[in-house]
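Structural description and commentary
Here's the letter readout for the chains.
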Amino acid sequence: MELHGSQEINEQGQLTIGGVSTVKLAEQYGTPLYIYDTTLIRERARGFKDTFEELGVKAEVAYASKAFSSIAIFQLMKEEGLSLDVVSGGELHTAIKAGFPVEKIHFNGNNKSYEELAMAIKLGIGCIVVDNFHELELIGAIHGELGGSTRVLLRVTPGIEAHTHDYILTGQEDSKFGFDLGNGQAEQAMKKAVAMEGIELLGLHCHIGSQIFETTGFILAARKIIDTVASWKEQHGFEPQVINLGGGFGIRYTKEDQPIPPAQYVKDMITVVKEEVERHGLDMPEIWIEPGRSLVGDAGTSLYSIGSTKVVPEVRKYVAIDGGMSDNIRPALYRAKYEAVLANKAGAPVEETVSIAGKCCESGDMLIWDLPLPVAAPGDLLAVFCTGAYGYSMANNYNRIPRPPVVFVEEGKDRLVVKRETYEDLLSLDLPLD
């Protein structure tokens, strides 16, 4: 078992986070419950941001909010001086409600609607990451009606395959995202954007994948992009002010994962960009990145109550919890792996190996296979580590199960930041047949 951030085991053998007992949190807020260690989030944010500042490179670190979106997390990122990456009108609306500075919001995504783009342009957000020719035409049409101009980046696919799960590879040529560098689409998009009224082309954006544990992919992508823009400067006179190398920095879910420190990603990116622009005689661009999971992933813990058990002789023992794929769909979707402890018996010795079953009516609703634990009884608390990214964001109401609340903990204090859904909340949009 490896503890994360401010997690500790107190004298009563209980798991604590941010100086607060998880047993106390369960009593106060119920289970299932998402708990965020905000001290760890702040440390991660500063790890990225401070490295750019120490090395004297102009940069923006934008929190990729798809990992976890809420008013409170956006306000925390604002406190830490980060920018914000959103991928929908809903995330953008949440950012505005949170009072996030509009000039520091970037709008990403592969199929932004006319309404979403118009909303972003009217708000005057800092940048739109354009994914395709259709979006260029929509932005042009909106500015034809409204006037003014919008800063954009062109998302490109550099043909780099990150070593990660196939479903979250996004930098290779066969991708639904972006303009391809290899077949001339990106160059065509650049020429079109430069010629259009209402568009200020800042530069290029790429994202090569997710849960990446080395910097080789980022280095190769940066080299390919800078080689490309060097030829564009020579042929078309275009030189980027910004190169956005995306996110995808990995975290430790289990002992199989070996992430590197945030500062190392940043240092290696800066090194290769400096080398390549000097080699091509280009001006040093701003470097933008978009960490999401690496900011909030291992800062999040899911807390459950244990209910029923089932023993299949000489096969396995199932231990059921009061949540599952409704609050963490990643194991069913990606075969994601997690580690966990009995939060109220965190100091007790391991006595058996069990499999953690969710309560949804699906055979595939299994959270963890083969988990070593002390003997678990009904009412015990299971704490699943590193669920801060894509847990709440991908939570759903399958089987009409309400979504859990979210609590922030820091320096011995807890704060409710998202309320638990109720059964009435589930019915709030339903209409009767007649």
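Residues numbered from 1 in each chain as written. Predicted model: local features only at pLDDT ≥ 70, side-chain atom pairs only at ≥ 80, totals over all residues. Heavy atoms only, no water.

Counted by the stated rule, this structure contains 11 aromatic pairs. Their ring planes at 45 degrees and their centres at 4.6 Å tell us that Phe249 and Tyr265 sit as a pair that is tilted. Here the residue Phe249 occupies a position in the loop between strand E12 (242–244) and helix H9 (262–280), and Tyr265 occupies one in helix H9, the gap between them amounting to 16 residues. Like Phe249, the residue Tyr265 is buried in the burial classification. The rings of Tyr34, Tyr36, Phe68, Tyr392 and Phe408 are connected pair by pair, giving a single aromatic cluster. Sitting over the face of the ring of Phe107, Lys112 holds its NZ or CZ atom 5.9 Å from the ring centroid. In this structure, Arg316 is placed above the aromatic ring of Tyr318, and the distance from its NZ or CZ to the ring centre is 6.0 Å. (Phe/Tyr/Trp six-rings, centres within 6.5 Å; stacked < 30°, edge-to-face > 60°. Helix = DSSP H or I, 4+ residues; strand = E, 2+ residues; numbered from the N terminus. Buried < 20%, exposed > 50% of the residue type's maximum accessible area, 1.4 Å probe, protein only. Lys NZ or Arg CZ within 6 Å of the ring centre and 35° of its normal.)

This next bit is on the pairing of strand E6 (residues 83–86). With burial as the criterion, each face of E6 is covered, one bearing Ser83 and Asp85 and the other bearing Leu84 and Val86. Alignment of strand E5 (residues 59–64) against E6, held across 3 bridges, turns out to be parallel. The residue of E6 that forms the bridge with Ala62 is Ser83. Each parallel crossover has a hand, and the one from E5 via helix H3 (residues 71–79) to E6 is right-handed. Handedness of the crossover is the feature at issue here: the chain leaves E6, passes through helix H4 (residues 89–97), returns alongside strand E7 (residues 105–107), and the resulting connection is right-handed. (Pairing = 2+ DSSP bridges. Right-handed = clockwise from strand over helix to strand, strands pointing away.)

Between two packed helices, what matters for the description is the angle formed by their axes and the separation of those axes. Interhelical geometry of helix H2 (residues 38–54) versus H3 gives an angle of 45 degrees and a closest axis separation of 10 Å. One finds that H2 runs oblique with respect to H3. Considering only the axes of H2 and H3, their crossing is right-handed. Note on element contacts: H3 touches H2 through Ile73, Leu76, Met77 and Glu79, opposite Thr38, Ile41 and Arg42. Split by residue class, the contact of H2 with H3 holds 4 nonpolar, 1 polar and 2 charged. (Axes fitted to C-alpha atoms, helices over the stretch in contact; angles between N-to-C directions. Parallel < 35°, antiparallel > 145°, perpendicular 65-115°, else oblique. Left-handed = near helix turned anticlockwise from the far one by under 90°. Contact = heavy atoms within 4.5 Å. Nonpolar A, V, L, I, M, F, W, Y, C, P; charged D, E, K, R; others polar.)

Our next topic: the nonpolar core. Grouped together as the largest cluster of nonpolar side chains are 87 residues, with contacts concentrated most on Tyr63, Met77, Ile128 and Val296. Among the elements that make up this core, the one with the highest residue count is helix H8 (residues 216–236) (9 residues). The residues contacting Ile128, other than those within four sequence positions of it, are Phe107, Lys112, Leu117, Ala120, Ile121, Ile139, Thr150, Arg151, Val152 and Leu153. Of all hydrophobic cores here, the second largest spans 38 residues; its members include Tyr29, Ile35, Ile368 and Ala376. (Core = buried A, V, L, I, M, F, W, Y, C linked by side-chain atoms within 4.5 Å.)

So, about the pattern of salt bridges. On inspection of all chains with the given rule, the structure shows 21 salt bridges. Where Glu286 meets Lys58, a salt bridge forms, and the shortest distance between an N and an O atom there is 3.6 Å. Of this pair, Glu286 sits in strand E13 (residues 286–289) while Lys58 sits in the loop between H2 and E5, placing them 228 residues apart in sequence. A residue is classified by how much of its surface remains accessible, and Glu286, at 22% relative accessible area, is partly exposed. For Lys58, a relative accessible area of 60% corresponds to the exposed category. A salt bridge links Arg279 to Glu276, with the shortest nitrogen-to-oxygen separation between them at 2.6 Å. Remark: Glu276 and Arg279 occur in helix H9; sequence separation between them is 3 residues, near one turn of the helix. When its relative accessible area of 7% is taken as the criterion, Glu276 is described as buried. Through salt bridges that share partners, Arg42, Arg46, Glu79, Glu80 and Glu410 make up one connected network. (Salt bridge = Lys/Arg side-chain N within 4 Å of Asp/Glu carboxyl O.)

Before going further, it helps to examine the pairing of strand E20 (residues 406–410). Side chains on a regular strand alternate between the two faces of the sheet. Burial within E20 is extensive, with 4 of its 5 residues counted as buried. Alignment of strand E4 (residues 33–37) against E20, held across 4 bridges, turns out to be parallel. Residue pairing in the sheet places Tyr36 in a bridge with Phe408 of E20. Counting the residues in the hairpin turn of E20 and strand E21 (residues 413–418) gives 2 residues, including Glu411, whose phi is positive at 50 degrees.

Turning next to the sheet that holds strand E2 (residues 15–17). Spatially, 3 strands are ordered E1-E2-E3 in an open sheet, and the strand pairing comes out antiparallel. Since the sheet does not close on itself, it has two edges, and those belong to strand E1 (8–9) and strand E3 (20–21), each with one partner. Here E1 pairs with E2 via 2 bridges, running antiparallel. In the sheet register, Ile9 faces E2, and the bridge partner there is Leu15.

In this model, helix H6 (residues 133–146) (14 residues) spans 20 Å end to end at C-alpha, consistent with the 20 Å of a helix rising 1.5 Å per residue. Listing the buried residues of H6 in full gives Glu135, Leu136, Leu138, Ile139, Ile142 and His143. Viewed along the axis of H6, the buried residues span an arc of 165 degrees, placing them on a single side of the element. Turned more than 90 degrees away from the buried face of H6 sit Gly144 and Glu145, all of them exposed. The inward-facing, buried residues of H6 abut helix H5 (114–123), strand E8 (127–130), strand E9 (150–157), strand E10 (179–180), helix H7 (185–195) and strand E11 (199–205). The backbone nitrogen of His134 has a side-chain oxygen 3.3 Å away, supplied by the residue at the start of H6, namely Asn132. Looking one or two residues past H6, Gly147 carries a phi angle of roughly 75 degrees, positive in sign. (Expected span 1.5 Å × (residues − 1). Arc of directions from axis to C-beta. Polar contact = N/O pair within 3.5 Å; in protein donor to acceptor, adjacent residues only side chain to side chain.)

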